[in-house]
Amino acid sequence: MNKWKDYIERYDTVLAFLGLEFLAFIAFGLGGASGILIFRMIGFFIAIAMIPFIRSNHSNSEIKGYLIGLIPFLVLAISLGFSSFWLTAYSSTLSGIVSDITIVLGIVGFFIIGYGLKSIKAVKFDLVLLTLGGALVLLTLITSIYTLARYGLFYVVNYSGMVYYWDGVVFPVSEETKVLFGWGFVESSLSYACLSPFLLACVLPTALYISPKKDIKRFAIVLLFGLIGLSALVILPYIKGLLLLTPVYLFALIYRFIKVKNEAPHWLEITAFVSMCVIVLGILVLFVDSFMSESFLTKLPVLGRYFADAAFFGRIRTAIQATFYKTNGSFDFVSFLFGNSVITDSAGYISVKGYGISELLTHSLEFNILWQNGFIAFVALTIFIFSMFVWSRNYLAKGEGLLSGRLVPVLMLLGAFVYLSVSDDELPFVHISDFAAGTRTSQLCLIFLLAGLVYTPKESKFKPEAVAVTTGNQTPSTNSTFEEVPLDEKK
Amino acid sequence: MKKSKKILLILVPFFAMSLVSCADTDELYRGDQYIGGGDSFADNRYNVWSSPLIDDAGFLTTYDVTADKRFSGSGDDAHPSGYGMNGYGDLVSKHPEAVEYPSDDGTSSPLQWLYNGMDKEPSGIGQWVDNTPLVGKVYGQTKKMSLIDSSFSKGILSKLYNGQIRCDAWSSYAYLQLDQHGYGALFPKELSQADYFAMVVRGGSNTEGTIGGRLSTFDIQVSFYKFPYATQKYDKYTFNLSQIKLETNVSAENTSLVGFYFDDFDFDPEGIVGMSITYSINDDSDAKAYIDGVLQPVITSSDMDTASDYYLCLMLYEVFFPDSTWN
C-alpha cells in the first residue's frame, strides 16, 4: 500500500481532526434538522478521504471480504434512504430524492468514519472517547440546566396529573421536557430528549473495569460522564429511561466477571443463540397475530393488555397490517417490499392508507422502519443489529486498546438498541408538528458511527505497520495500529 | 481553593436555579379543571380576576355602545350566528375592509368565517395542531392574538387568543364559561395600536334536553385598563354593550362576533394593559327545561355564587384586537 504512503502521512492529522470534529457535531446534534443534512453530505466526503487509511491496513482480499460481508449493511443504507414513503413524503419529488440520497451517503459515510478513526495513527482512541463523551456531556448539561430552570427538580413526579395551557390546548407538564434542537430549545417528549443522557449513562459501568488506584483520571472521567447522564435522567425523573438502563448495566456487570478470550465461551454463545431465537420467534408470532382477523394475543391473560390497539404491541400490529395489506384487505406487494406511500389530499393533509402518521407510529424504531421503508429494510436492519452484536463481541474480545475504552461504544450501541426498540418517538415535539423520523435524526448517524467504531469482522487482522506505543501500566497490544495513551499522560 | 469548596461552588448555583425559577410550572391546573371536571355545570366556570384590576382602580370612564356603533353576529337578530355559518356577518356588512386579506399579487380576498366548514385544522379533541395553513383563509386564524405576538400563546387565557371561534367538538376546551362576575386579566404586553375590539360569544345553559335552543339577550360590559405612570393606578374604560342577542344551546358551533371600533368613541386604545368582561341577563324568557317529564319555562341565573337549578352563562371563545401592535 505504498502508493497511499504520502497521502496518509500528509493528511492523517487533518482527517483525524475532521473525523473527531464530526463525531462531536453528530453527538451534540449541532444545527438540528438542517445541520444533520449538511453533516451527512460533508461526512460522506470525509469518509471517502479516510478510505486510503483503511486500505493501507488491509489486503485487497480482506477488503473484498469485508465488502461482501457488508452487503446487508449497504442494502440497509439504501432502503433506509429510499422507500415508497420517503419518495412521496416530500412536497417535491426532486427534493425528496436529493434528501434520500444524503441519507444513504450519511449512513455509509458515518460508518466509514467510525471505522476510519481506528485506522488513523494520529487518532488516540482516548481522544475518540473524550470527544464522544464531551459532546454528549455538553448537550446533556445545557439541556439539564435549562430544564431545571424552567421546571424545577423532580417535576415529572411533583406535577404528575397537572396540565398547562399553550395556544388554548392543555399539555401534561410531566410528559415533556426541554431539548436543544437546532439553535434553540423546544419542548419535546421525554423519550426523545433523554436519548443523549441515556447514552451517556450507559458509560457508567465502565468504571468497574478501571482501577482508580492505577488510573484515577480515566476512572474519574468515565465516572463523571456516566453520572452526568444518570443525573440528567434522575432530576426529571425519567423512570422508563432509568429502567431501560438495567439490561445495559447487567450486561456490563456480567461481562466484568467472566473470562473472555478470543473465542466466547460455549455457554455465552448458546445463551446468545437462544436469545436470538426467542426474539425472532416473538417477532414471527407478532406477524402471525397481525395477519389474523382477530388478535389472539389480546386474549392472553395478564399480557393481553399490552396487545390492545393503543398499547405497545397493538400499535405494532397496526403498522404490520398497514405494510402488508391494502385498504381493501388484499396483499400489497409494493408497500410490503418498499414501505407505504404517502397520500396528500387537496387540502394538504397527509395520510397513509387512511391512517394519520401519528396513528401508524409505534414506539419501536424497527417497526417504524417496517411501515416507512418496507420489509427489505426491516430484514436488513435485523441482520445489521445481530451483526452488531457479533462485531461487538469480536471487538470486546480482540479489539485494540483497553477493555474499558472498547466497552464505551459497545455499551452505547447496546443502550441505543434497547432504548430505540421500545421508546422511539417520531412525533416528539410538543408545540410543533414536525415529523422527526428515526432514520433522519443525528442520533442514528451517531449510532452508525459507533457501529463503524466497533466493526470487527471475525477474520479482521490488522497489519503491524505501526508500532504501538503504550505508556503507564497498560499492556501493549502486539498488533496495534494506534496508540493507547492513558489520560494522565503529559504531552 | 479546597476541592470541596470548588464542588460546592459548582453545585450551589445549580440547585439554587432548580428551586427558584420554574417558569414553566407557575400556571398549572388539574388535568380536568375548566374542561369538564366536576359534577355540575357550575364547576366549569372561570371567574378569575387579576388582583391589581380589583384592588387598584383609578379613573373610570364609561361608553354606551349603541347598535349603530357596534357589530353583533350575523346582523340577523333571529339567527345571530347565521345558522353557525356567518357569525361575523354584521362586521362584514359594516366594515368590509376588516375581513379583506391582501394577496401577493396586490389584490385581496375576503376572509371566511369557516373554510371548508372548519375554523381550524382538524385534530383530535384537545390536541394541538399547526393552524398556519388557514392563515389568510379563515378570519379567526388570521386575526388571532397569538399570531400577532407569541406571548399570547401562554396560559389558560390562550384559549381566547388561539383563533378557535367555535367548539368543533372540543366542548369546554374551546371556551371560557363566564358567570356574571366575569373575568379580568392583564395582557402579557401593552397595546400600541388597534382599530377595533371583537369577541366571539354564545350563550350556554344547563337547561339540557331542550332541543333547538333559544335566543338569550345579554347586557355585556367590556372594560379596558390603562396604567398611567403618573398615577400608578389602573384607569378603567368600560364599554356597555346592551341587549346583545345570542344563541343559547342551539349548537356549540353557533357563535357570534361582537365588538366595536374605537374611533366611534374617540377612544385611543394605546396603553391598554388589561381587560375584563362582566355581564347580566337582559332576557332569557324562552328558557325551558323538563321538570317531572314536562317541558316547562324556567328562570335562569348567571350568578353562580348563589344556588340555582338553572344557569345561563356567557361562553367566551375568542378575544380579538385585529391587526394590532403591542409593546
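Residues numbered from 1 in each chain as written. Chains lettered and ligands numbered in written order. Predicted model: local features only at pLDDT ≥ 70, side-chain atom pairs only at ≥ 80, totals over all residues.

### Quick look at the overall build of chain A
Link 1 in the chain: Looking only at helices and strands, one finds 20 helices and six strands in chain A.
Link 2 in the chain: Since a compact globule built from 491 residues should have a radius of gyration of about 23 Å, the 23 Å found for chain A is in line with a globular shape.
Link 3 in the chain: Along the longest, intermediate and shortest principal axes, the C-alpha atoms of chain A span 65 × 50 × 45 Å.
Link 4 in the chain: Buried positions account for 45% of the 491 residues belonging to chain A.
Link 5 in the chain: Of all intrachain contacts in chain A linking residues separated by at least 6 positions in sequence, the fraction that spans at least 24 positions is 74%. (Helix = DSSP H or I, 4+ residues; strand = E, 2+ residues; numbered from the N terminus. Rg over C-alpha atoms; globule rule 2.2 N^0.38 Å. Buried ≥ 20, exposed ≤ 12 C-beta atoms within 10 Å, placed from the backbone. Contact = placed C-beta atoms within 7 Å.)

### So, the overall build of chain B
Link 1 in the chain: Scanning chain B from terminus to terminus reveals five helices and 17 strands.
Link 2 in the chain: Expected size for 327 residues packed as a compact globule is a radius of gyration near 20 Å; at 22 Å, chain B falls within 12% of this value.
Link 3 in the chain: Projected onto the principal axes, the alpha-carbon positions of chain B cover approximately 85 × 60 × 45 Å.
Link 4 in the chain: Sorting the 327 residues of chain B into buried and exposed places 43% on the buried side.
Link 5 in the chain: The long-range fraction of contacts in chain B, counting pairs at least 24 apart against all pairs at least 6 apart in sequence, stands at 73%.

### Focus: helix α4 (residues 71-81) of chain A
Link 1 in the chain: When α4(A) is considered as a whole, its buried residues turn out to be F73(A), L76(A), A77(A), S79(A), L80(A) and G81(A).
Link 2 in the chain: Looking at the buried positions of α4(A), the neighbouring elements they touch are α6 (93-119), α17 (365-373) and α18 (375-398) of chain A.

### Concerning the environment of D119(B)
Residue and element names in this part refer to chain B.
Link 1 in the chain: Residue position: D119 is located in the loop between β5 (108-110) and α4 (139-143).
Link 2 in the chain: When the 27 C-beta atoms within 10 Å are taken as the criterion, D119 is described as buried.
Link 3 in the chain: Remark: the alpha-carbon pair of D119 and R166, spanning 47 residues in sequence, is separated by 7.5 Å.
Link 4 in the chain: Among residues more than four places away in sequence, those in contact with D119 are L114, V138, G140, Q164, I165, R166 and D168.

### Concerning the environment of V379(A)
All names here are of chain A.
Link 1 in the chain: Tracing the sequence through the fold places V379 in helix α18.
Link 2 in the chain: Looking at V379, the number of C-beta atoms within 10 Å reads 15, which means it is partly exposed.
Link 3 in the chain: When the C-alpha atoms of V379 and V75 are compared, they prove to be 9.7 Å apart, with 304 residues separating the residues in sequence.

### Concerning the sheet that holds strand β1 (residues 162-166) of chain A
Link 1 in the chain: Here three strands make up an open sheet; going across it, the order is β2(A)-β1(A)-β1(B) and the pairing antiparallel. Strands at the two margins of the open sheet, each flanked by one partner only, are β2 (169-172) of chain A together with β1 (29-30) of chain B.
Link 2 in the chain: Judged from the two bridges that link them, β1(A) and β1(B) form a sheet pairing that is antiparallel. Each residue of the ladder has a partner; that of V163(A), found in β1(B), is Y29(B). (Pairing = 2+ DSSP bridges.)

### Description of the pairing of strand β2 (residues 57-64) of chain B
Residue and element names in this part refer to chain B.
Link 1 in the chain: The element β2 is largely exposed, with a buried count of zero among its eight residues.
Link 2 in the chain: Across six bridges, the pairing between β2 and strand β11 (residues 234-248) is parallel. Across the sheet, the residue bridging to D64 is N240, located in β11.

### Notes on the confidence of the model for chain A
In low-pLDDT segments, the atomic positions of the prediction should not be examined closely.
Link 1 in the chain: Across chain A, the average pLDDT comes to 87, with 91% of residues at 70 or higher.
Link 2 in the chain: Counting contacts from residues 462-491 of chain A, a segment whose pLDDT is below 50, to residues more than four positions away or on other chains yields 51 contacts. (pLDDT = per-residue confidence, 0-100.)

### A look at the interface of chain A and chain B
Link 1 in the chain: Contacts between the two partners involve 25 residues from chain A and, on the opposite side, 31 residues from chain B.
Link 2 in the chain: Elements with a contribution of two residues or more to the side of chain A that touches chain B: α7 (125-151), β1 and β2 of chain A.
Link 3 in the chain: Looking at the side of chain A that touches chain B residue by residue, the classes come out as 17 nonpolar, six polar and two charged. (Nonpolar A, V, L, I, M, F, W, Y, C, P; charged D, E, K, R; others polar.)

### Section: the confidence of the model for chain B
Residue and element names in this part refer to chain B.
Link 1 in the chain: Taken as a whole, chain B shows an average pLDDT of 89; of its residues, 91% reach a score of 70 or greater.
Link 2 in the chain: Within chain B, the lowest mean pLDDT, 62, falls on helix α1 (residues 3-20), and the highest, 98, falls on strand β12 (residues 256-261).
Link 3 in the chain: What the predictor reports for the complex is a pTM of 0.85 with an ipTM of 0.90.

### Some words on the pairing of β2(A)
All names here are of chain A.
Link 1 in the chain: Pairing geometry for β1 and β2, over four bridges, is antiparallel. Bridging from a neighbouring strand, Y165 pairs with V170 of β2.
Link 2 in the chain: Linking two consecutive strands that pair antiparallel, namely β1 and β2, is a turn of two residues; a positive phi of about 55° is found at D167 within it.

### Details of the packing of α4(A) against α6(A)
Residue and element names in this part refer to chain A.
Link 1 in the chain: At a minimum axis separation of 8 Å, α4 and α6 run at an interaxial angle of 150°. It follows that α4 is roughly antiparallel to α6 by the angle criterion. Viewed along their axes, α4 and α6 form a crossing whose handedness is right-handed. Each of A77, I78, L80 and G81 in α4 lies in contact with α6, whose residues at this interface are D100, I101, I103, V104, I107 and V108. (Axes fitted to C-alpha atoms, helices over the stretch in contact; angles between N-to-C directions. Parallel < 35°, antiparallel > 145°, perpendicular 65-115°, else oblique. Left-handed = near helix turned anticlockwise from the far one by under 90°.)

### Some details on unusual backbone geometry
The phi torsion of most residues other than glycine is negative, and most of the peptide bonds are trans.
Link 1 in the chain: In this structure, the amide linkage connecting L236(A) to the following residue, P237(A), adopts the cis form with an omega of -10°.
Link 2 in the chain: Assignment of secondary structure puts P237(A) in the loop between α11 (216-234) and α12 (239-256).
Link 3 in the chain: One non-glycine residue with positive phi stands out, namely D168(B), at about 50°.
Link 4 in the chain: By the secondary structure assignment, D168(B) is in the loop between α5 (145-148) and β6 (176-178).
Link 5 in the chain: Its identity as a non-glycine residue notwithstanding, A169(B) has a phi of 70°, on the positive side.
Link 6 in the chain: Within the secondary structure, A169(B) sits in the loop between α5 and β6.
Link 7 in the chain: The exposure class of A169(B) is exposed, given the 12 C-beta atoms found within 10 Å.

### Topic: the packing of α7(A) against α11(A)
All names here are of chain A.
Link 1 in the chain: Running from N to C, α7 and α11 cross one another at 30°; their axes reach a closest spacing of 10 Å. Put simply, α7 runs roughly parallel to α11. Taken as a pair, α7 and α11 cross one another with a handedness that is left-handed. Contacts between α7 and α11 involve G133, V137, T140, L141 and S144 from the first element and F225, I228, G229 and A232 from the second.
Link 2 in the chain: Residues belonging to the contact of α7 with α11 are distributed by class as follows: five nonpolar, four polar and no charged.

### Notes on the environment of S146(B)
Link 1 in the chain: Along the chain, the position of S146(B) falls in helix α5.
Link 2 in the chain: Note on S146(B): 20 C-beta atoms within 10 Å, which makes it buried.
Link 3 in the chain: Distance in space between the C-alpha atoms of S146(B) and L160(B) is 9.3 Å, their sequence separation being 14 residues.
Link 4 in the chain: When sequence neighbours within four positions are dropped, the list of residues in contact with S146(B) reads D167(A), F152(B), S153(B), S158(B), Y161(B) and N162(B).

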